[in-house]
Amino acid sequence: MKADLRLLKSITKGAERIEEKDSGFNFYRFSKKEEELYSSSPLSPRTFATAGIKLHFITDAEKIDIKIETEAVCYAKFFSLDVYSDKKLSGVIKNYLDALPDTGYIDSDFPNGEFSGCFDLGKGEKEVEIYFPQLVKTKLLSLELSECNVIKSIPSKGHFLLYGGSVSQGTAAKNPSFAYGVKLSESLGCELFCKSIGSEVYFPDLAREKSEVIKPSFIMAAYGSNDWYNLTYDEAERRCRGFWKAICKNYPGAKKIALSPIWYRDRFEKRPFGEFSEMEKLIERVVGEIGGITHVKGFDLIPGEDKYFVDGIHPNNHGFELFCESFKKEFKYI
């Protein structure tokens, strides 16, 4: 059985829309209106990365063949597409070697283009999850299930809407299935919609765009490190306040979480904003004044040791695992 557009729409999670064009299927995590907000921004290409998007279904197929085409859209060019059968990793399509170290690889050059893989899923009906790469644009050229008599979509219990910068986008997890947004949304039983973009700061205009597709049960925004690095204190406060006011107006019934910055090795640099530690205090104060928002302190969620980070700010797979373990202890709903 070859997947067509109708089937893909029924089994895809985390996409605002899917379009069949240019000899493949294209997945978009931002709406057209949201993409327009970035049309004149250098961050615009990053809106087309497939962060948080996955295929999720029940099938009795024993094998699956996948062909993709990837395109680098940011400074990090590595990728992996992860295939799971009944929560066990069946294999990956990736553009890096197994020997890739746990640190220092984020700026290295990796090839993009056409890739393919064939994966054994096992006998009988099973739950299949295919996690798309989080940092590159990924076009699905074909997906074929062998000896398939059953394929059923799996409904989501709710939606988890995630805003933030590069850490929330999943940089620099070697595997997209390790990104903290993926893991937390699955712990909540929710479908992840990832609006995070590397290098982004609190962006009130983005928050004002109410989705026609997403009905969030949970909304988390994890900005702050880029705000500290790029903005003045007053501008950072204005943006943070404007963002959360818009979120509260658009989604009054959703549970809301403001995550302040995680550990950052270079936090002692002199920036116009002031001390790095003041960003956590700013976020806590602003969301406290608005009300109805849970503040989670991010700084201690991952131990401040370089072995858990690729470059002093972006967690590796192990770092993301520790992040999720710590976050679950802080956030009572998981």
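Above: the structure in question.
Let me begin by describing the structure that accompanies this report.

What about the sheet that holds strand 15 (residues 255-259)?
Taken together, 5 strands build an open sheet; the order of strands is 13-12-14-15-16 and the sheet is parallel. Of all strands in the sheet, those with a lone pairing partner are strand 13 (191-194) and strand 16 (293-296), marking the two edges. If you compare each strand with its neighbour and ignore which way they point, the axes differ by 20 degrees on average. With 4 bridges connecting them, strand 15 and strand 16 associate as parallel partners. Its bridge partner being in strand 16, Lys256 is matched across the sheet by Ile293. Its contacts with the sheet place helix 7 (residues 233-250) against strand 12 (159-164), strand 14 (216-222), strand 15 and strand 16, and it is angled at close to 165 degrees to strand 15. Sheet contacts for helix 8 (residues 277-290): strand 15 and strand 16; angle to strand 16, the most-contacted strand, approximately 165 degrees.

A short note on empty space enclosed by the protein
One pass over the structure, following the stated rule, counts 3 cavities of 30 Å³ or more. If you go around the largest cavity, you meet 15 residues; those closest to its centre are Ala51, Gly52, Gln169, Ala179 and Val182. The set of elements that each furnish at least two residues to the lining of the largest cavity consists of helix 3 (166-169), helix 4 (180-187) and strand 13. Here the residues of the lining of the largest cavity are counted per class, giving 10 nonpolar, 5 polar and no charged. Estimated volume of the second largest cavity: approximately 50 Å³. If you go around the second largest cavity, the residues you meet are Arg46, Cys74, Tyr75, Leu135, Gln169, Thr171 and Gly198. When the residues that make up the lining of the second largest cavity are grouped by side-chain class, the tally is 3 nonpolar, 3 polar and 1 charged.

A short note on the pattern of salt bridges
As enumerated under the stated definition, the model contains 26 salt bridges in all. We note a salt bridge from Glu127 to Lys87, for which the minimum N-O separation is 3.5 Å. You can see Glu127 sitting in strand 9 (residues 126-131) and its partner Lys87 sitting in the loop between strand 6 (80-85) and strand 7 (88-94), a full 40 residues away along the chain. In the salt-bridge network here, residues are joined through shared partners; they are Lys54, Lys87, Glu127, Glu129 and Glu186.

Focus on the nonpolar core
Tyr180, Trp244, Phe323 and Phe327 are the most contacted members of the largest nonpolar core, which totals 71 residues. Element by element, the count of residues in this core is highest for helix 7, at 6 residues. Beyond its immediate stretch of four places on either side in the chain, Phe323 contacts Tyr180, Leu184, Leu259, Ile262, Leu301 and Ile302. Among the nonpolar cores identified, the runner-up in size contains 30 residues, and Ile18, Phe27, Phe57 and Val83 belong to it.

Some words on the packing of aromatic side chains
Using the criterion set out here, one finds 25 aromatic pairs in the structure. Relative to Phe243, the ring of Tyr202 has its centre 5.3 Å away and its plane inclined at 65 degrees; by these criteria the two rings are edge-to-face. Here Phe243 lies in helix 7 and Tyr202 lies in the loop between strand 13 and helix 5 (204-208), a separation of 41 residues in the sequence. Each of the two residues, Tyr202 as well as Phe243, counts as buried. Note on Trp228 and Tyr229: the rings are 6.0 Å apart at their centroids and 65 degrees apart in plane angle, and the pair reads as edge-to-face. Judged by relative accessible area, Tyr229 falls into the partly exposed class, the value being 30%.

The rules we used
Residues numbered from 1 in each chain as written. Predicted model: local features only at pLDDT ≥ 70, side-chain atom pairs only at ≥ 80, totals over all residues. Heavy atoms only, no water. Pairing = 2+ DSSP bridges. Helix = DSSP H or I, 4+ residues; strand = E, 2+ residues; numbered from the N terminus. Axes fitted to C-alpha atoms, helices over the stretch in contact; angles between N-to-C directions. Contact = heavy atoms within 4.5 Å. 1 Å grid on protein atoms, 1.4 Å probe; cavity = no way out; pocket = protein on both sides within 12 Å on 5 of 7 lines; lining within 4 Å. Points joined across faces, edges and corners; volume = space filled by probe spheres on them. Nonpolar A, V, L, I, M, F, W, Y, C, P; charged D, E, K, R; others polar. Salt bridge = Lys/Arg side-chain N within 4 Å of Asp/Glu carboxyl O. Core = buried A, V, L, I, M, F, W, Y, C linked by side-chain atoms within 4.5 Å. Buried < 20%, exposed > 50% of the residue type's maximum accessible area, 1.4 Å probe, protein only. Phe/Tyr/Trp six-rings, centres within 6.5 Å; stacked < 30°, edge-to-face > 60°.

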